[in-house]
Amino acid sequence: MAEMQTKSLNTPDEVRSLPKTKVEVINFGELALMKLTFEPGWRWSEHVKPTVGTSSCEVPHFNYGLSGRLHVKMDDGTESEIGPGDAQLLPPGHDAWVVGDEPYVGLDFQGGHIYGKVVR
């Protein structure tokens, strides 16, 4: 039988710090909730790619934007943007970058177990 669990992002189970990147994760067994904070000037291909070692982001995401704006370009060339109140289902194979001078802050309900970790 499943048991009720309550956790807070104010006290995450794990914090991953990369250049211009803060990843806060709370784990619920096979599920994880991740809060992402990307500073102005952040770009996946510049600030995360050197750590994970893939040509583009290979993590699937189910995102909800809290503040700031994030532009995403898929490997096939399609593009989209997410901002406050937007939800986005994002498959593997993309680059992304912060738009403007405000940090992007969002929640990800899918990629928390692996985002920002070495996968080489």
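Within any chain, residue numbers begin from 1 and follow the written order of that chain's sequence. Only residues with pLDDT of 70 or above have their local features reported here, since the model is predicted, and side-chain atom pairs are shown and tallied only from 80 upward, although totals for entire chains, interfaces and linings are computed over all residues. Working from all heavy atoms in the structure, the side-chain values ignore hydrogens and water.

## Re the overall build of the protein chain
(1) Moving on: By the criteria applied, helices consist of DSSP H or I runs no shorter than four residues and strands consist of E runs no shorter than two, each listed in order from the N terminus. When you go through the protein chain residue by residue, the secondary structure sums to two helices and nine strands.
(2) Moving on: The quantity called the radius of gyration is restricted to C-alpha atoms. Its globule counterpart is 2.2 Å times the number of residues to the power 0.38. Computed over C-alpha atoms, the radius of gyration of the protein chain comes to 14 Å, within 12% of the 14 Å expected from 2.2 N^0.38 for 120 residues, which places it in the range of a compact globule.
(3) Moving on: For each residue, the accessible area found with a 1.4 Å probe, counting protein chains only, is set against the maximum for its type, and the residue is called buried under 20%, exposed over 50%, and partly exposed in between. Of all 120 residues assigned to the protein chain, the portion counted as buried reaches 41%.
(4) Moving on: For the protein chain, the share of sequence-separated contacts (at least 6 apart) that also reach a separation of at least 24 residues comes to 59%.
(5) Moving on: Here the Shrake-Rupley method, with its probe set to 1.4 Å, supplies the accessible areas, and only the displayed protein chains count as covering residues. A total accessible area of about 6600 Å² is found for the protein chain, and carbon and sulfur atoms account for 54% of it.
(6) Moving on: Distance between charge centres in the protein chain, computed from 11 positive and 17 negative side chains, equals 5 Å. Any two residues having at least one pair of non-hydrogen atoms within 4.5 Å are treated as being in contact. The positive count covers Lys and Arg only, the negative count covers Asp and Glu only, and His and the chain ends enter neither. For the purpose of locating charges, the reference atoms are NZ of Lys, CZ of Arg, CG of Asp and CD of Glu.

## Comments concerning a nonpolar patch on the surface
(1) Moving on: Exposure above 30% relative accessible area and the lack of any salt bridge qualify a residue for a patch; like charges then connect within 9 Å, and the nonpolar side chains Val, Leu, Ile, Met, Phe, Trp and Tyr within 5 Å. A pair is scored as a salt bridge if a Lys or Arg side-chain nitrogen falls within 4 Å of a carboxyl oxygen belonging to Asp or Glu. Taken together, the side chains of Phe62, Tyr64, Leu66, Leu89 and Phe109 make up a nonpolar region of the molecular surface, amounting to roughly 500 Å² of accessible area.
(2) Moving on: Sorting elements by how many residues they give to the nonpolar patch places strand β4 (residues 61-67) first, with three residues.
(3) Moving on: Residue Leu66 is classed as partly exposed on the basis of its relative accessible area, which comes to 40%.

## What about the nonpolar core?
In a soluble, globular protein the nonpolar side chains are often hidden away together inside.
(1) Moving on: Core analysis: the largest hydrophobic core is formed by 22 residues, its most contacted members being Phe38, Trp42, Trp44, Val48, Leu70 and Tyr115.
(2) Moving on: Only β2 (21-28), β3 (31-38), β5 (69-74) and β8 (94-99) provide two or more residues apiece to this core.
(3) Moving on: Here this core gets four residues from one element, more than from any other, and that element is β3.
(4) Moving on: Sequence-distant contacts of Leu70, defined by excluding residues within four places in its chain, comprise Phe38, Trp42, Ser80, Glu81, Ile82, Ala96, Trp97, Val98 and Tyr104. Take the buried Ala, Val, Leu, Ile, Met, Phe, Trp, Tyr and Cys residues and link them wherever side-chain atoms come within 4.5 Å; each set so joined is a nonpolar core.

## Brief notes about the side chain of His61
(1) Moving on: Relative to the helices and strands, His61 is located in strand β4.
(2) Moving on: Pairs of N or O atoms are called polar contacts if they sit within 3.5 Å, as long as, within protein, a hydrogen donor faces a hydrogen acceptor (for residues adjacent in sequence, only side-chain-to-side-chain pairs). Side-chain polar atoms of His61 contact the backbone oxygen of Val59, separated by 3.2 Å.
(3) Moving on: Among the polar contacts listed, one links the side chain of His61 to the side chain of Asp108, at a separation of 2.4 Å.

## Considerations on the sheet that holds β5
(1) Moving on: On the basis of which strands lie adjacent, the open sheet formed by three strands has the order β6-β5-β8 and antiparallel pairing. At either end of the open sheet lies a strand with only one pairing partner, and these are β6 (79-82) and β8. The mean inter-strand angle of the sheet, taken between neighbouring strand axes irrespective of direction, is 20°.
(2) Moving on: We treat two strands as partners when DSSP finds at least two bridges between them. In terms of strand pairing, β5 meets β6 through four bridges, oriented antiparallel. By the bridge assignment for β6, Leu70 is matched with Ile82. Comment: axis = line fitted to C-alpha atoms, over the contacting stretch for helices; angle = value between 0 and 180 degrees taken between N-to-C directions.

## Let's talk about the side chain of Arg16
(1) Moving on: Topologically, Arg16 is positioned in strand β1 (residues 14-18).
(2) Moving on: Only 3.0 Å separates the side chain of Arg16 from the side chain of Glu14, close enough to count as a polar contact.

## Digging into the pattern of salt bridges
Should the charged atoms of two oppositely charged side chains come close, the side chains can pair.
(1) Moving on: All told, the structure shown has five salt bridges when counted by the stated rule.
(2) Moving on: Note that Arg69 and Glu81 form a salt bridge whose closest N and O atoms lie 2.7 Å from each other. Separated by 12 residues along the polypeptide, Arg69 in strand β5 and Glu81 in strand β6 bring together distant segments of the chain.
(3) Moving on: Among the residues examined, Glu81 registers a relative accessible area of 33% and is labelled partly exposed.

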